[in-house]
Amino acid sequence: MKKTKLGEFEELVLLTVAALQQEAYGVEIKRELEDRLKEKLSVGSIQSALKRMEEKGFLTSKFGEATQKRGGKRKRIYAATPYAHRVLAEMKEIRAGLWDAIPRLAPELRTI
Amino acid sequence: MKMSNETKPPRWPLKFLRFFLKKEYLEEIEGDMEELFHENAETLSLKKAKRIYTWEMLKLLRPVLIKNLEALHNLNQYDMFKNYFKISTRGLMKNPLNSFINIFGLSVAIGLCVFFYAFARWTYSTDQFHEHKNEVYLATSFVDREGTQQQYGTTPRPLGEMLKEDFPQIKSVCRIEDRNVVVKYEDNVFHERVRYVDPAFLEMFTFPLKWGTSGSLADVNSIILSEKMSTKYFGDQNPVGLDILVKFNKDSGKVFKITGVAREFPKARTIDFSFLINVENLRTSEPAYNFHDWHDLVNATLIQVENPNDISAIKGRMGKYKHLQNEAVKADQAISSFAFEPLATLHERTENMRDHISRSTRSDYITVIYFSVIGVFMLTLACLNYINIAIVSATKRLKEIGVRKSIGAKRGTVIVQFLSENMVITFFAVVVGLILGLTVFIPGFENMWHFSMGFRLNDMTLWIFLPAVLLFTSIASGIYPSLYISKFTVVGIFKGSVQFGRKNPLTKTFLGIQLVLSCIFLTSAVMFTQNSSYLAKRSWGYNQQQVLYAVVPDQFAYEELHALLIQEPDVLSISGSRDQLGKSNTGAVLQFPDREFEVDQFAVDANYFETMGIPILKGRVFKDHEGSDRQAIVANELLVKNMGWEHPIGQQFKIAGVQYEVVGVVKNFHHSDFYTPLHPTIFNIAGKTDYRYLSIKVRSGSEIKTYKTLQAKWAQLFPEVPFDGGFQEDVWGNYFQEIGNHGKVWITFAFIAVCLASLGLYGLITLNVAARIKEFSIRKVLGADVKNITSVITNQYVILFGVALIIGAPLSYLLVKLVFDSSFAYHMPVDFSGAVIAVAILILVLVFTISTQIKKVIKLNPVDGLKAD
């Protein structure tokens, strides 16, 4: 894995997209993340993360159905690309590896 | 539809969003926002949902989401601008003379504007560096003077302490007294002025210390120095901890420990100090000083409140002190009310206040107005040059415009081209102007007036001001030419039916305006110069040339010095006085049964009139026996006139309850400079113990010699006390230098204005002659002589000059008269001579400018003229 340039917040959004599958559009992603993070997010922050990741090739998107509630505007459904899945898996592995390393370091830490 | 009208999101944020957001994202985000809005409207209130909607919209303005603003324009815009830039630099190179006139003229005008800006900024920042400027107030008092309320910066002595006790809103109080002392450290002995202050002084005023601690002022043995004083006595050394001797008068003094040195004061200030000591020291230096006497005044009482709103409450309860004071003093100097002046605006409001610690900045603010007017005039002159030359030289660019238009340029495009070209020129001018301002105008002005505006390039507002000037100048000078040039049709241009630049009435109007402005500047320059030499010669009303003076500490010093000097053969007369013309005087209130009258007062001895050469009109001056003349008064003419006395001798009145009688009248004289109008003035006999000045009249021609003798005698008698005195001629300080500077400043402005106007004229005529070179050649071939050619070239300008000067001369006369009347109490009689000289100079310059071109045409070989292009 070279530089993935995936920010922390972007990673969270990307994971949410992957989790939501067919339901992954702007409002739903925001709602899901707000529930999990227990904090308010702005549409702007979610949208800019989505657009950046689409540019970087982590996401693809297509228009979904339009509803009355949306004033007749179509949703845009996002989906994580295989590349994104690979990067996510790699990141998870790196993190897990680091977590495994902690107990070994801990006794030494204590002596400080 | 199930949704009612009210549950719709507000419209304007959406419009805003549609303008900024990338088109491809619009549908999705609009939908999301609307969905969220409805959800919020259901769960929260409608109002809140609308607010969230709007706020979220604004937060959508992120770089990733908004349109690429450059992409708004067509792609070839960049290349077009590149082309414009290339064409305009080529144009500049091709016509170096016109470019020089344009850029140089604009630069000078902008340079002046930079300087005016620096001055305005300096003026407006006066005293604004004090952190508590809005919480610190100067207590002032109003006293009824002949029906008008006169404001004083002084207050009764006990007021400060009582205010502090009575009002919990008042955080701290500071009293200020100023006294002349002699300060001694090793071999350095100088006359100085110390400020007796309460320790709160350094909390109220933001004067950070370079060394030491400000709290140390609470100790009565501490002294705090300004940086200037520290350098004067100790050089670069840190003097904190050293002892310094302060001599309050001849017999008493005290050693103080230096506990602080203030950092260099900001330039724009009206209040500062040289030495600070605790106010309690007054008990030592002046045992008679009574802190609780309502009769007496203290130089200043300052209060600091927690909240500026409390001031009105405090002011409302000042009646108590008014009664206390009025009871103590009875009718004399009874205060009618108190007022508080905030530190932030104190300097602007002290013009009509008496005895205050600040300095009035009224004249600075007036100068700012003058400067703004002059700045606008200069920019106008330079812009008009630009406009004229642009219109005339556009003849040469007709084909270019025609080609541009025929390959698809719209009128707007041509306008943009000319404006952007102009922006390039103005940009150069701003850069050069900034350099000119920083290296020529500002230092020149500062040197002339011996002060520093502390102007720095890292000043934030300068970088708002400069682009504003750039934008304003480039649009003001460029908009008319670009509109004018762009309006011609392609067909017209190529058919050659467009004839412009030659007979444009506006060009002439502009030139006319320039001439009128130059005439105004020139007239001012001439008149200000005339006025300064007039004032230098104007009589002071007494003989100031043959008089020397010295400040003496007390009567004994006076007598010792007197005994030594009387033996000098060159000394004609010696007198002692408490006050001295031009140096100091006191005020007195004349009490008549029915009214009170305020006058300036000089307490002098019987010799004083002879020594000073003040001419006597009526009656007599004081006799030598001070005993018999204790209640005698010598008045000046103005007092007699103001009082309407037909027989002034024998008139009686009271001063502070004591009866006085007028025994003589002297001619009016100017004791302070010509800025200050004459005041009604009285003389009375000074008690010998009050003598503070010794004046000597010397034989004409021996002034310098006697001055040296005076200094030598002084050093012999009082080796401990530095000599303080000088020539009576010098008591107005740098007044004459100052009015001389007025003349110099105006000469500079006039020079620039005339240069700009003649540059413009030169440019116009050059272009005009160049365009008509064939015509002149043919005329010459057919036998036209010098006279003929001259009249052909000048004809079109003669009427213009005539009209401009006929308007300009009276206008400048009126304006200068207005300026003189408002800024000088005494000035030379304003007549037409200034305007006439100005017109003469202007005509000379114009004739010279035109003659250069006539000479060129006369020398021209007609063959060359006809061959060309």
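Residues numbered from 1 in each chain as written. Chains lettered and ligands numbered in written order. Predicted model: local features only at pLDDT ≥ 70, side-chain atom pairs only at ≥ 80, totals over all residues. Heavy atoms only, no water.

*Asks:* Tell me about the overall build of chain A, residues and numbers included.
*Replies:* Within chain A, the secondary structure is distributed over 4 helices and 2 strands. In chain A, once contacts between residues fewer than 6 apart in sequence are set aside, the share between residues at least 24 apart is 52%. For chain A, the accessible surface area stands at approximately 7,000 Å², while carbon and sulfur atoms represent 56% of it. (Helix = DSSP H or I, 4+ residues; strand = E, 2+ residues; numbered from the N terminus. Contact = heavy atoms within 4.5 Å. Areas by Shrake-Rupley, 256 points an atom, 1.4 Å probe, with all protein chains shown as cover.)

*Asks:* Requested: an account of the overall build of chain B, with residues and values cited.
*Replies:* If you tally the helices and strands in chain B, you get 27 helices and 24 strands. Scaling as 2.2 N^0.38, a compact globule of 869 residues should have a C-alpha radius of gyration of about 29 Å, whereas chain B reaches 37 Å, well beyond that. Dimensions of chain B, computed from the C-alpha atoms along their principal axes, are close to 105 × 95 × 60 Å. Within chain B, the proportion of its 869 residues that are buried is 50%. Here the analysis covers contacts within chain B between residues at least 6 apart in sequence; of these, 79% occur between residues at least 24 apart. Summed over its atoms, the accessible surface of chain B is roughly 40,800 Å², and 59% of this surface lies on carbon and sulfur atoms. (Rg over C-alpha atoms; globule rule 2.2 N^0.38 Å. Buried < 20%, exposed > 50% of the residue type's maximum accessible area, 1.4 Å probe, protein only.)

*Asks:* Explain the interface of chain B and chain A to me, and be specific about the residues and the numbers.
*Replies:* The interface is formed by 22 residues belonging to chain B together with 23 residues belonging to chain A. A buried area of about 2,200 Å², summed over both sides, lies between chain B and chain A, and 54% of it is on carbon and sulfur atoms. The largest per-residue losses of area from chain B upon contact with chain A belong to E27, E28 and E35 of chain B, which jointly make up 29% of the total buried on that side. Here E35 of chain B ties to R31 of chain A by a salt bridge, and the two come within 3.9 Å at their closest N and O atoms. If you look at where chain B meets chain A, you find 13 residue pairs in polar contact (both at pLDDT 80 or more). Mapped by element, the contributors of at least two residues to the side of chain B that touches chain A are α2 (23–43) and α3 (46–59) of chain B. (Buried area = accessible area lost by both parts, 1.4 Å probe. Salt bridge = Lys/Arg side-chain N within 4 Å of Asp/Glu carboxyl O. Polar contact = N/O pair within 3.5 Å; in protein donor to acceptor, adjacent residues only side chain to side chain.)

*Asks:* How would you sum up the packing of aromatic side chains? Please name residues and give values.
*Replies:* Counted according to the given criterion, the structure contains 68 aromatic pairs over all chains. Ring geometry for F820 of chain B versus F824 of chain B: centroids 5.5 Å apart, planes at 80°, classification edge-to-face. Accessibility assignment for this pair places F820 of chain B and F824 of chain B in one class, buried. A cation over a ring is seen here: K51 of chain A above Y25 of chain B, with NZ or CZ 4.5 Å from the ring centre. (Phe/Tyr/Trp six-rings, centres within 6.5 Å; stacked < 30°, edge-to-face > 60°. Lys NZ or Arg CZ within 6 Å of the ring centre and 35° of its normal.)

*Asks:* How would you sum up helix α1 (residues 12–20) of chain B? Please name residues and give values.
*Replies:* In an α-helix there are 3.6 residues to a turn, and that puts residues three or four apart on one side. Residues and elements named next belong to chain B. Among all positions in α1, only P13, L14 and L17 are buried. Buried residues along α1 cover an arc of 100° about the axis, so they all sit on one side. Of the exposed residues in α1, those oriented more than 90 degrees away from the buried face are W12, K15 and F19. Against the buried residues of α1 lie α2 and α3. (Arc of directions from axis to C-beta.)

*Asks:* Tell me about the packing of helix α13 (residues 362–393) of chain B against helix α16 (residues 462–486) of chain B, and please be specific about residues and values.
*Replies:* All names here are of chain B. Running from amino to carboxyl end, α13 crosses α16 at an angle of 25°, the nearest separation of the two axes being 9 Å. When the interaxial angle is binned, α13 and α16 end up roughly parallel. Along this stretch, α13 crosses α16, giving a crossing that reads as right-handed. Contacts from L379, C383, Y386, I387, A390 and I391 of α13 reach α16 at F472, T473, A476, S477, G478, Y480, P481, Y484 and I485. Its residues assigned to classes, the contact of α13 with α16 shows 12 nonpolar, 3 polar and no charged. (Axes fitted to C-alpha atoms, helices over the stretch in contact; angles between N-to-C directions. Parallel < 35°, antiparallel > 145°, perpendicular 65-115°, else oblique. Left-handed = near helix turned anticlockwise from the far one by under 90°. Nonpolar A, V, L, I, M, F, W, Y, C, P; charged D, E, K, R; others polar.)

*Asks:* Explain the confidence of the model for chain B to me, using residue names and the numbers behind them.
*Replies:* The predicted coordinates should not be examined in detail at positions where pLDDT is low. The predicted model of chain B has a mean per-residue pLDDT of 86, with 96% of residues at 70 or higher. Overall fold confidence (pTM) sits at 0.71, and the ipTM for the predicted complex is 0.83. (pLDDT = per-residue confidence, 0-100.)

*Asks:* Which residues make up helix α26 (residues 833–859) of chain B, and what are the values?
*Replies:* Residue and element names in this part refer to chain B. With 27 residues, α26 ought to run about 39 Å at 1.5 Å a step, and its terminal C-alpha atoms sit 38 Å apart, in line with that. Among the residues making up α26, those that are buried are G834, A835, A838, V839, L842, L846, T849, I850, Q853, I854 and V857. Close packing links the buried residues of α26 with α18 (505–537), α23 (735–771), α24 (773–781) and α25 (786–823). (Expected span 1.5 Å × (residues − 1).)

*Asks:* An account of the nonpolar core is requested, with residue identities and associated values reported.
*Replies:* Residues and elements named next belong to chain B. F115, M378, L581, I614, F622, F683 and F749 are the most contacted members of the largest nonpolar core, which has 95 residues in total. For F749, the residues in contact, after removing those within four places along its chain, are L112, F116, F371, I374, M378 and F521. If you look at the next biggest cluster of nonpolar residues, it comprises 27 residues, including I389, I520, V792 and I793. (Core = buried A, V, L, I, M, F, W, Y, C linked by side-chain atoms within 4.5 Å.)

*Asks:* So what's going on with the state of the cysteines? Residues and values would help.
*Replies:* Residues and elements named next belong to chain B. Scanning all chains against the criterion turns up 0 disulfides over all chains. C113 provides the cysteine sulfur closest to C383, a residue in no disulfide bond, and the two sulfurs are 9.4 Å apart. Given the relative accessible area of 6%, C383 is considered buried. Cysteine C755 shares no disulfide, and the gap to the nearest cysteine sulfur, in C519, comes to 16 Å. Classification of C755 as partly exposed rests on a relative accessible area of 27%. (Disulfide = S-S within 2.5 Å.)

*Asks:* Explain the side chain of T706 of chain B residue by residue, including any values.
*Replies:* Residue and element names in this part refer to chain B. Mapped onto the elements of the fold, T706 is located in helix α22 (residues 703–717). A relative accessible area of 3% places T706 in the buried class. In this structure T706 touches L548, D570, V571, I696 and V698, once residues within four positions along its chain are discounted.

*Asks:* Break down the pattern of salt bridges for me, with residues and values.
*Replies:* Using the criterion set out here, one finds 42 salt bridges over all chains in the structure. Among the salt bridges present, the one from R70 of chain A reaches D32 of chain B, with a minimum N-O distance of 2.8 Å. Of this pair, R70 of chain A sits in the loop between β1 (59–66) and β2 (74–80) while D32 of chain B sits in helix α2, each in a different chain. Judged by its relative accessible area of 0%, R70 of chain A is buried. The salt bridge involving R179 of chain B is made with E177 of chain B; its shortest N-O contact spans 3.1 Å. Taking relative accessible area as the criterion, E177 of chain B reaches 2% and is therefore assigned buried.

*Asks:* Which residues make up the environment of A80 of chain A, and what are the values?
*Replies:* All names here are of chain A. By the element assignment, A80 lies in strand β2. With 34 residues separating them in the primary sequence, A80 and I46 have C-alpha atoms 15 Å apart. Not counting chain neighbours up to four residues away, the residues in contact with A80 comprise L14, V17, A18, F58, L59 and H85.

*Asks:* So what about the pairing of strand β10 (residues 275–278) of chain B? Which residues, and what values?
*Replies:* Within a regular beta strand, the side chains point alternately toward one face of the sheet and then the other, so they alternate between its two faces. Residue and element names in this part refer to chain B. Examined bridge by bridge, strand β5 (residues 188–197) and β10 share 4 bridges and lie parallel to one another. Bridge pairing links R195 to L276 in β10. Bridging between strand β7 (residues 222–225) and β10 involves 3 bridges; their strand directions are antiparallel. Bridge pairing in β10 links I223 to I277. (Pairing = 2+ DSSP bridges.)

*Asks:* Before we move on, could you go through the packing of helix α2 (residues 26–37) of chain A against helix α3 (residues 43–56) of chain A and cite the residues and values that matter?
*Replies:* Residues and elements named next belong to chain A. Following both chains from N to C, one finds α2 and α3 inclined at 110°, their axes separated by 10 Å at the closest point. It follows that α2 is roughly perpendicular to α3 by the angle criterion. The chirality of how α2 crosses α3 is right-handed. Contacts between α2 and α3 involve G26, I29, K30 and L33 on the former and, on the latter, V43, I46, Q47 and L50. Of the residues that constitute the contact of α2 with α3, the class distribution is 5 nonpolar, 2 polar and 1 charged.

*Asks:* Give a detailed account of unusual backbone geometry, specifying residues and quantitative values.
*Replies:* Notably, Q21 of chain A is not glycine yet its phi reads approximately 55°, a positive angle. Along the polypeptide, Q21 of chain A turns up in the loop between α1 (8–20) and α2. Classification of Q21 of chain A by relative accessible area gives exposed; the value is 54%. Within the chain, E186 of chain B stands out as a residue other than glycine whose phi angle is a positive 50°. Examined against the element boundaries, E186 of chain B turns out to sit in the loop between β4 (170–185) and β5.

*Asks:* Explain a nonpolar patch on the surface residue by residue, including any values.
*Replies:* A cluster of nonpolar side chains, I799, V803, I807, L811, L815 and L818 of chain B, forms an exposed patch at the surface whose accessible area comes to about 550 Å². Looking at where I799 of chain B falls in the secondary structure, it is placed in helix α25. (Patch = residues over 30% accessible without salt bridge, like charges linked within 9 Å, V, L, I, M, F, W, Y side chains within 5 Å.)

*Asks:* Give me the environment of D144 of chain B: which residues, what numbers.
*Replies:* Residue and element names in this part refer to chain B. Mapped onto the elements, D144 comes out in strand β1 (residues 136–145). Owing to a relative accessible area of 38%, D144 belongs among the partly exposed residues under this scheme. Residues D144 and E596 lie 452 residues apart in sequence; the distance between their C-alpha atoms is 9.2 Å. Other than its neighbours up to four places away in sequence, D144 contacts Q149, S336 and E596.

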